[in-house]
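Structural characterization, general
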Amino acid sequence: MTAESPKNQRAERYNAREAEARWQKTWDEQGIYATRNDDPRPKYYVLEMFPYPSGRIHMGHVRNYTMGDVVARFKRAMGHAVLHPMGWDAFGMPAENAAIDRKVHPKAWTYDNIAAMKKQLQSMGLSLDWAREVATCDPAYYKHQQRMFLDFLQGGLVAREYRKVNWDPVDMTVLANEQVIDGRGWRSGAPVEQRDLYQWVFKISDYAQELLEALDTLDRWPEKVRLMQKNWIGRSEGLLVRFMLDSATTPGGEGELEIFTTRPDTLFGAKFMALAPDHPLAQAAAAKNPKLAEFIAECKRIGTSQEAIDTAEKMGFDTGIRALHPFDPDWKLPVYVANFILMDYGTGAIFGCPAHDQRDLDFVNKYGLGNTPVVCPDGQDPATFVITTTAYDGDGRMINSRFLDGMTIAEAKEDVAKRLENSFLPPSERGRSAAEGCRVGVNEPQAGPPPPPSPLQGEGDERPAQVRSNNAPVAQRQVNYRLRDWGISRQRYWGCPIPVIHCSTCGTVPVPATDLPVTLPEDVAFDKPGNPLDRHPTWKHVKCPQCGGEARRETDTMDTFVDSSWYFARFTDPWNKDAPTTPEVANRWLPVDQYIGGIEHAILHLLYSRFFTRAMKKTGHLDIDEPFAGLFTQGMVVHETYRSKAGDWVIPADVTIEGMGDQRRAHLTATGEPVEIGSIEKMSKSKKNTVDPDDIIGAYGADTARWFMLSDSPPERDVIWTEEGVQGAWRFVQRLWRLVGEVSEVSGPQARPTTFGPEAQKVRKAAHRALANVSDDIARLRFNRCVAHIYEFANALSEAIGSIETLPSPDLAWALREAGDILVRLFAPMMPHLAEECWAALGHNSLVATEAWPEVEPALLIENTITLPVQINGKKRADVTVPREAGKEEIEAAVLALDTVQKALDGKSPKKVIVVPQRIVNVVA
RNA sequence: GCGGACGUGGCGGAAUGGUAGACGCAACGGACUUAAAAUCCGUUGGCUGUAAAGCCGUCCGGGUUCGACUCCCGGCGUCCGCACCA
């Protein structure tokens, strides 16, 4: 502090609006965020999930992109070549809805939105390499996606199937299983119906095992996400068992029925068999039994919506068919058709063991089929162990099971598997299989027209269980997965066209690579529901590339999740016109070191991307397995809700709040009408509890918004947006500006002093401790703690400056300047504009954005004396200060000499003294 | 139903098994000001006490430990994912 410049209480305010625009311009002009692919430094790829161009960014984006930007700036300062790109997930339904509602073309709507949102993102001061920007709706992007589709087709990773699909009646399109939430379309919210349609599918289930196993290698992913994916893939090990049928009871002389079970140990508790209503044997039996046909029809009526299926009561119908127990041909089991059996899991048929499966128990209790417990829990008397309304699915020993009695469940499973694997049905009694030739798997058509022949590949089910010779064993082990293939056909306009042509002579023909991209026609009408591509007068009519005859383009477009399954790879070389990636470039940048986005993509987007990466590897576009080495899922931004008397939601900007605690009251600012304060919810348009980033940035500046988004809550948790919180952040921005101003007025020596006095040493310790803490916090994405440590440091520095009465000594002056330089660089990743302004104020000519991260002096982190807490019987009673290198005996002596300890011991000697060096002392009296 | 996470002041939240409540917000008291805003200084888990100090305290009940917000067992509550997957 110099004599000429006394503390100025009316220091100039930091003008964020003016400064932020100025620094953004400077960064842009100097191109400091452009990343070169030949940068030799160690690479670091940080990526935030790219946005859908809805038209405006929301606070969730601000939080997400701020986190990524902090990491990018930090890694850049740490000397990495940082790749930090941005793009647009630009295909999708809202563009078509806008076209329908507002008569705007989806393309115009999308590009207008992109322009608006890009401007907003730029106002946040993100250190993005905009030269790599991509939009998935750009033919220059989706051309490569079409190319990969064809490569995948060639590689056997794509199939065309006629299958049951989830149909969204509002959006008039197909949804993948993952896109159906609680029986409703994930976007429209309409109850989903079942329909049979041709579908292009990606064979993600071929990778089920690999996707499952590789989860263990993703050690920088949240455990929760890995678990969700594991459950979604849903591996289960079991046994396929062929039951002989009493052919006298079957409709067409069928001789056997194949089921899947994970509980072969409970075979002796079997009471019935059950078939899915769609099962071929059920269909065959229904053909001869009108009442059964009626029952099946009834099942389907209920089953049009997923919602209804979930709540339907268990129902069954005895077909009259009888199955023979695999271990006892004289034991006959009734075969039912039941509404709770799913055709597309396992074989669509089960054996029911009611004592140990709740569904089966509910079923037998309804139809009076009884139950026999075969697993007895330890400690229960088998003689009195009975099951009534609750099935037992725990551990125990086998009972009532002949040769299995006394075994554990695992032993019994193994024994049954071994016996049945090695036994064969006598050929004379086999007859025709009930499932033969018409067994339905997910990969085969089950009704309706057969698929047109494909010249590309052999289709059909690859599961070995289906290939069966006369000598096939009664049972074989099988692993089943819940994960289904990924249906990508969408009956929409605004998506990536699927590059195939249907020819009545040649079948399904891929569009030749030289004809790519297949672009969307621009002259389309949205006056009717359904797919405008299908209605377009000319677009779909083409010549067959093989025979030259009249043919028809595929009018379905790809699920937009395809677009986002590889954008991270495209960013590595978006300039390559000839191929989706430049493999050597992609292999250098990938995997993404830190991916940041919402937990809502835990399954869909992340699982698809993992599959896509493997598919790209198989087709030579990449040579990595996992796209995202590190994943972070940030929490939502939530806000109070407000409702007017009339029950309408009111936006926070129109509300004035008064009072506090229970006394808080809200009213409309304009009219004074009272407003009801509601619960805190995710910011959403429907509840109008949103805050517009533009308003916040306009009023307080981007740095304030960024700072507030990082403070308060841990990043993985929800953060509550409050006006007070933003103002607190804004005050801190101003405080930092004043503080740095005060530091800048200190004139210290150029050369580093050789020794430091106690005051200077104190400042230096605070600075270096903050440096060590903040570095660690950012590296571990603990932004809220990082913020706290910067507050602490700023408090310490304020105090040091405030306590100066005259001119500071040269060593203190130097230490204060050093601390100022460190402080500015510490908050620069979070508040980059303010940091530049401060950096300049401190007299530097460089940009802080290109400065190296400060280096910590480890010696300053070590204290010479240590103050240890002293506990008596585990409760803190005193402190003791000892030299750092004091030994246990020395510490113990010092502790026992303390008055408090003497008093507590009351003349007796302690039972025990525990000394934890550097930590604590505990005296046990 | 199955699986998972979480539960700490008025609020958001800190705390490798080692001083519970860092840091922020809010509140209260004070300084500056004609006044307000801004800023600065201080107080702030509860109870008892003028004070020194003491007692209680991390959802509840047990346990392990010299020592438990943290680990184990059993409850209660909140949130999330999956859900007739044989």
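Below, the structure is looked at part by part. (Residues numbered from 1 in each chain as written. Chains lettered and ligands numbered in written order. Predicted model: local features only at pLDDT ≥ 70, side-chain atom pairs only at ≥ 80, totals over all residues. Heavy atoms only, no water.)

Moving on: the environment of Arg160. Looking at the element boundaries, Arg160 is found in strand β5 (residues 158-168). Arg160 sits in the buried class, given a relative accessible area of 11%. Within the structure, the side chain of Arg160 is placed 3.5 Å from the side chain of Glu554, a separation counted as a polar contact. (Helix = DSSP H or I, 4+ residues; strand = E, 2+ residues; numbered from the N terminus. Buried < 20%, exposed > 50% of the residue type's maximum accessible area, 1.4 Å probe, protein only. Polar contact = N/O pair within 3.5 Å; in protein donor to acceptor, adjacent residues only side chain to side chain.)

The next subject is the sheet that holds strand β35 (residues 875-883). One key point about sheets: their strands pair by backbone hydrogen bonds, in either a parallel or an antiparallel sense. Spatial strand order, β35-β34-β37-β36: four strands in an open sheet with mixed pairing. Pairing within the sheet leaves two strands with one partner each, and these edge strands are β35 and β36 (912-916). If you compare each strand with its neighbour and ignore which way they point, the axes differ by 20 degrees on average. When strand β34 (residues 865-872) meets strand β37 (residues 920-924), the two strands line up parallel, connected through three bridges. Bridge pairing links Gln871 to Asn922 in β37. Relative to β35, helix α26 (residues 888-896) is tilted by about 125 degrees, and along the sheet it contacts β34, β35, β36 and β37. (Pairing = 2+ DSSP bridges. Axes fitted to C-alpha atoms, helices over the stretch in contact; angles between N-to-C directions. Contact = heavy atoms within 4.5 Å.)

Moving on to the protein's contact with RNA strand B. Near RNA strand B you find 53 residues, and of these Thr262, Arg359, Arg785, Glu792 and Asn922 are the closest. The sugar-phosphate backbone supplies 67% of the atoms of RNA strand B found within 4 Å of the protein. Residue Ser713 places a side-chain N or O atom 3.0 Å away from a sugar or linking oxygen belonging to RNA strand B. Between RNA strand B and Asn784 there is a distance of 3.5 Å, counted from a phosphate oxygen to a side-chain nitrogen or oxygen. (Near = heavy atom within 4 Å.)

In the segment running from Leu516 into Pro517, the intervening peptide bond is cis, with an omega of 0 degrees. Its location among the elements puts Pro517 in the loop between β23 (507-510) and α14 (532-535). Looking along the chain, the bond that leaves Leu590 and enters Pro591 is cis, with omega of 0 degrees. Positive phi outside glycine occurs at Asn400, with the angle close to 50 degrees.

A few words now on helix α4 (residues 106-123). Look at α4: 26 Å from first C-alpha to last across 18 residues, which is about the 26 Å you get at 1.5 Å a residue. Burial in α4 covers these residues: Pro106, Trp109, Thr110, Asn113, Ile114, Met117, Gln120 and Leu121. Along the axis of α4, the buried residues cluster in a sector spanning 130 degrees; they form a single face. In α4, those exposed residues whose orientation departs by more than 90 degrees from the buried face are Asp112 and Lys119. Of the residues flanking the end of α4, it is Gly125, one or two places downstream, whose phi is positive at about 70 degrees. (Expected span 1.5 Å × (residues − 1). Arc of directions from axis to C-beta.)

Here the structure, examined in full by the defined rule, presents 41 salt bridges. The salt bridge involving Arg22 is made with Glu18; its shortest N-O contact spans 2.6 Å. With Arg22 and Glu18 both in helix α1 (residues 16-30) and four residues apart, the pair spans about one turn of that helix. Relative accessible area serves as the criterion here: at 31%, Arg22 is assigned to the partly exposed category. Look at Glu18 and you get partly exposed, because its relative accessible area is 39%. Because the salt bridges share partners, they merge into one network encompassing Glu210, Arg610, Arg614 and Glu626. (Salt bridge = Lys/Arg side-chain N within 4 Å of Asp/Glu carboxyl O.)

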